[in-house]
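# Chain and residue survey
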Amino acid sequence: MPRPLSSPYAWGARPFARGLRTPAVLVALLLTVLGAGPALGATFTVLGTGNAGPGTLRDAILSANATEAGDKIRFSLKTTDPGYVAAVGVWVITLSSALPDVSHPLTLDAGTQDGFSDGHPVVALDGDGVSNGAGITLRGGDSLVRGLIIQSFPGAGVSLVGPGNYDIKHCWIGLDLDGTGPRGNGSHGVSIGAPNSRVGAIGAGNVISGNAQSGVLIGGAAASGSSVVASFIGLDAQAVNAVSNGNHGILIAEGAADIVIGGASALAGNVISGNAA
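Overview of the structure. Everything numeric in this text was worked out from a predicted model, so none of it was measured. (Residues numbered from 1 in each chain as written. Predicted model: local features only at pLDDT ≥ 70, side-chain atom pairs only at ≥ 80, totals over all residues. Heavy atoms only, no water.)

We now examine the sheet that holds strand β20 (residues 260–261). A sheet is described by the order of its strands in space; here eight strands give the open sequence β1-β2-β5-β8-β11-β14-β17-β20, paired in parallel fashion. Across the chains shown, the open sheet's two edge strands, defined by having one partner strand only, are β1 (43–46) and β20. For strand β2 (residues 71–75) and strand β5 (residues 106–109), the ladder comprises three bridges, and the chain directions are parallel. In the strand pairing of β5, Ile73 is matched with Leu108. (Pairing = 2+ DSSP bridges. Helix = DSSP H or I, 4+ residues; strand = E, 2+ residues; numbered from the N terminus.)

What follows is the structure in structure tokens.
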């Protein structure tokens, strides 16, 4: 049966002339009044599982960081890629150094990879060869990470800092490739230090298990307005067996306000069990 968290905080004027030609002066006036509108973001595609170079995730993040618009990263990996593990149908990006922090709004969507299903991500980030840092660090605000397995990093699996408004969906954080055992990160599974950060959503939960510290740390006042919804914490991907986080399932540091764990709908509920504290 799920255990309760043991920490006290745990848990238009005249019509245009015929011919539809708009006078240049009017165009200029409209642009001045209405603005030219936001720049459209670019889409960068990950084509290989290498640590660095063209077509890698690192290159896509660096390219996105060089723009101010809200970009997207999608995945189009082939089964002939050397990082493909056929036995489990997962592509493993094996890193030898930490990925760059994401410094602008970004949609990093591994759910675009062929083979992805809501219950099983098929792209993994392996940090076993990384000497320091988190798996993914978001610091530019207004970003989404979806559909990744994030394992074996020395720091947190995901670190959320900066202006906030982040979403983490359909990720396994701290599990092995088939979702049955631990490949934990060396700190928290998700470390929230930014406001209005959402870990999971109804129909888009995460599995956060096997990490050295807490599954989710909600880090005080900086993380106010954040939520953890519809996720398994401390269990395998089927929520059958314990895959313990080394501390609390969810730890809410003093000063955090307006935190939501679960929700009014039963579908928003988390299953938190098997953790060390």
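Under the defined criterion, the tally for this structure stands at one aromatic pair. Ring centres of Tyr84 and Trp91 lie 4.6 Å apart, and the angle between their planes is 45 degrees; on these two criteria the pair is classed as tilted. Residue classification places Tyr84 among the partly exposed positions, given a relative accessible area of 24%. (Phe/Tyr/Trp six-rings, centres within 6.5 Å; stacked < 30°, edge-to-face > 60°. Buried < 20%, exposed > 50% of the residue type's maximum accessible area, 1.4 Å probe, protein only.)

Right, let's talk about the pairing of β1 for a bit. Pairing geometry for β1 and β2, over four bridges, is parallel. Bridge pairing in β2 places Val46 opposite Phe75. Note that the unit made of β1, helix α2 (residues 57–65) and β2 has a crossover that is right-handed. (Right-handed = clockwise from strand over helix to strand, strands pointing away.)

With that settled, the discussion passes to unusual backbone geometry. For Asn165, which is not glycine, the phi torsion reads 65 degrees and is therefore positive. Tracing the backbone through its elements, the reader meets Asn165 in the loop between β10 (158–160) and β11 (166–169).

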